[in-house]
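Notes for the structure review
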Amino acid sequence: MSNFRWNYRSIVFLLSLLDILAILVFYPAKSQAELPKSDVSTTEVEENKVPEAVVNQTVDTSIAPVTLKKAPNDLRERVTPVSQLLQVAPPTNKKAPNNAAGQATSVSQLSDIKPTDWAFQALQSLVERYGVIAGYTDGTFKGDRSLTRYEFAAGLNAALDRLNELIATSTTDLVKREDLDTIKKLQEQFSPELAQLRGRVDSLEARTAKLEATQFTTTTKLIGRSQIVFGELLAGNNVVSKRPAPHNVTLQGSTSLRLNTSFNGKDSLAITIGGGNIESLGQTRAGLLGTYEGRTADNSSITFVRNTLILSGVRYRFLPYPNTQVNIYPLSDGASEIGLSGPINPYFESSSATGANGISRFSRRSLVYNYGDSGPGIAILQGLGKQVQFGIAYSAPNGNNPTSNNGLLTGRYLALAQLIYYSSNRNFRVAATYVNTYSPPNTIGFSGTNFGPAVGSNLVNSTVRGVGTIGNLYGLQGFYQVNSKLAINAWVSYAAHRYLGRGDGNAMDWAVGLAFPDLFSEGALGGVLVGMEPKLTRLSQNVDLGAGAGQADKDTSLHVEAFYQYKIGDNIEVTPGLIWITAPDSDANNPDSLFAWVRTVFRF
């Protein structure tokens, strides 16, 4: 590895990192970092990726089925992608919370109340005779805390309502005289608490009416995500100029806002706007490092003006049948809409359910999911029984452009098919993926290249000027939840490129990742990944992609990544991490690069 250049900017960066770690130590928080629980009808789904045109990050857009009688409380949980219909949480030793409201059949089940109290015995007699009281399913009022007079008044008020109902609707003497005397005595003793309780109910009803009168909409929910990132290149050269790259500390950020609307409780219209100024470490033969290797997952697109809000996603999702989901999107991408990497790589791919975020784009997705850009298309997901799911998608990155070599059916496209198998206990899953993609001559996408995965070496992202390119990609991905504290994921991908009229090339990538939920602290998440970013392994002798005729990548470059994500409450997470690239651009003559990244995400 090349020598580090330590200067005052490096010291400032490290001091900032130490400050953040100190906050994490002295400001502990509790939150779960486990896979989402699910079944066929109420699955919580992964976040869908905000198109690369904005920030290359994901924001929750999915919603689960609900009845049509009531407006949903959370539009994010009303249509369930079939890609998640079979996904469940791994085994966990966590206890169920003891504040879930339920119905107790007897006041004697409310263990915090003293049975020797007169009021207890009087209310017990009324409750068990007339069959009404509200309590908690674990038999307590708020854990091991004693029952307050106000809480007792709530139970008494429920009994009063029930007796009044019986008196008003009955033609016979169902309520005994002695019970009425008992009620009168209890009312007198708890009259202040009953008055306070009813006052609170009246106030709540008034506030609810005001909210309903002034709310934005009954069908739309706003979901937001902002992030602030510190970053610094600690070591590395520009692979094109062969000169050391600047080691400047940066402070950058991005924001995305999504409006989720449902029209019938079983569909979802998502509209996303966003913007940011998070710069990439490099692009193909351009930028800081002169290569896409080590690219972080949060970069803004190179084709849009920084700090400008743009429309970055539009998608309509519906369920024509219980196990079938259709996504139609004027602006998104098929790999995200079909929910491909979430079920296979859940702890590294960004998700509202897991809160997981790998630092690099490569750690989140294999080569087969990285070709193509956001644009119009359609995705269909079909559940085949309880353990198999099949999905297909078609996207055209330049499908909104009617000019030559563009359009929905005549320009760049990506057609994808995937089959996922889940074990019966849901702790193992494996997916086989096939992608066919085409880029016409001289077309440019959001990534700045007209062909390639926008990660990996310069050669694998290149094509011949004036020549169309076809790719056939094959991927095998697997995930195994060993236990509640350890998960393993791995993949291997192979690509066959054809440079039309010139020749062929082949590319490969692979990776193995380890995830450690609740590492050092409940709700935290550790992650380590080692792999080979996409590299060109073979090239026809009459094809020149910039390194000479027939020249493929000559060396193997390894991608090593580690991160530790710490949650501060449910809506803030801080993730420091490192990305280490050996032999950048698959050239052992290039010194290793090392990049530090500290991301803070705010969800609202």
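If you're wondering where the values come from, they're calculated on a predicted model, not measured in any experiment.

Criteria and cut-off values
Residues numbered from 1 in each chain as written. Predicted model: local features only at pLDDT ≥ 70, side-chain atom pairs only at ≥ 80, totals over all residues. Heavy atoms only, no water. Core = buried A, V, L, I, M, F, W, Y, C linked by side-chain atoms within 4.5 Å. Buried < 20%, exposed > 50% of the residue type's maximum accessible area, 1.4 Å probe, protein only. Helix = DSSP H or I, 4+ residues; strand = E, 2+ residues; numbered from the N terminus. pLDDT = per-residue confidence, 0-100. Contact = heavy atoms within 4.5 Å. Patch = residues over 30% accessible without salt bridge, like charges linked within 9 Å, V, L, I, M, F, W, Y side chains within 5 Å. Areas by Shrake-Rupley, 256 points an atom, 1.4 Å probe, with all protein chains shown as cover. Salt bridge = Lys/Arg side-chain N within 4 Å of Asp/Glu carboxyl O. Phe/Tyr/Trp six-rings, centres within 6.5 Å; stacked < 30°, edge-to-face > 60°. Pairing = 2+ DSSP bridges.

Our next topic: the nonpolar core. Ile338, Leu367, Tyr369, Tyr371, Leu416 and Leu473 are the most contacted members of the largest nonpolar core, which totals 23 residues. Contributions of two or more residues to this core are made by strand E10 (375-384), strand E12 (413-422) and strand E13 (428-439). Top element by residues in this core is E12. It accounts for four residues. Of all hydrophobic cores here, the second largest spans 22 residues; its members include Ile278, Ile359, Ala515 and Phe563.

Segments scoring low in pLDDT should not have their predicted coordinates read at a detailed level. When pLDDT is averaged along the chain, the result is 77, and 71% of the positions lie at 70 or above. The model gives residues 1-6 a pLDDT under 50, and that stretch makes 15 contacts with residues more than four places away or in other chains. Throughout residues 139-145 the model reports pLDDT below 50, and contacts reaching past four residues in sequence, or to other chains, amount to 22 contacts.

The next point concerns a nonpolar patch on the surface. Where nonpolar side chains cluster on the molecular surface, the patch consists of Tyr421, Phe428, Leu476, Tyr480, Val482, Ile488, Val492, Trp510, Val512, Leu514, Val528 and Val530 and spans about 890 Å² of accessible area. Residue assignment for the nonpolar patch shows that the elements contributing at least two residues are strand E14 (469-483), strand E15 (486-499), strand E16 (503-517) and strand E17 (525-539). Within the secondary structure, Val512 sits in strand E16.

Further remarks concern the packing of aromatic side chains. Evaluation of the coordinates by the stated rule reveals ten aromatic pairs. A centroid spacing of 6.2 Å and a plane angle of 45° characterise the contact between Tyr347 and Phe479, whose relative ring orientation is tilted. Placement of the pair is Tyr347 in the loop between helix H7 (341-344) and helix H8 (361-364) and Phe479 in strand E14, with a sequence separation of 132 residues. Take Tyr347 and Phe479: they sit in the same class, and that class is buried. Measuring from centroid to centroid gives 5.9 Å for Phe520 and Tyr564, while their planes differ by 50°, and the two rings are tilted. A residue pair is termed long-range when its members are at least 10 positions apart, and Phe520 in the loop between E16 and E17 and Tyr564 in strand E18 (residues 559-568) qualify at 44 residues. An aromatic cluster is present here, built from Tyr394, Tyr413 and Tyr438 joined pairwise through their rings.

Along the chain, the position of Pro246 falls in the loop between strand E5 (220-235) and strand E6 (250-261). A residue is classified by how much of its surface remains accessible, and Pro246, at 42% relative accessible area, is partly exposed. A C-alpha to C-alpha distance of 7.4 Å links Pro246 and Leu233, two positions 13 residues apart in sequence. Sequence-distant contacts of Pro246, defined by excluding residues within four places in its chain, comprise Leu233 and Leu288.

Evaluated as defined, the whole model comprises eleven salt bridges. Here Arg315 ties to Glu337 by a salt bridge, and the two come within 3.0 Å at their closest N and O atoms. Pair noted here: Arg315 is in strand E8 (residues 310-321) and Glu337 is in helix H6 (residues 334-337), with a separation of 22 residues, a long-range link. For Arg315, a relative accessible area of 2% puts it in the buried group. Residue Glu337 is classed as buried on the basis of its relative accessible area of 4%. Between Arg603 and Glu573 there is a salt bridge whose closest N-O contact spans 2.9 Å. Of the two residues, Arg603 is situated in strand E20 (residues 593-603) and Glu573 in strand E19 (residues 572-581); the sequence distance between them amounts to 30 residues. Taken together, the shared-partner salt bridges connect Lys242, Lys554 and Asp587 into one network.

This paragraph deals with the pairing of strand E11 (residues 388-395). Burial along E11 is one-sided: Gln389, Gly391, Ala393 and Ser395 are buried, while Val388, Phe390, Ile392 and Tyr394, pointing the other way, are not. With eight bridges connecting them, E10 and E11 associate as antiparallel partners. The partner of Gln382 across the bridge, within E11, is Phe390. Counting the residues that bridge the hairpin from E10 to E11 gives three residues, and of these Gly385 lies at a positive phi of roughly 80°. Where E11 lies against E12, eight bridges are found, and the strand directions are antiparallel. Each residue of the ladder has a partner; that of Gly391, found in E12, is Gln418.

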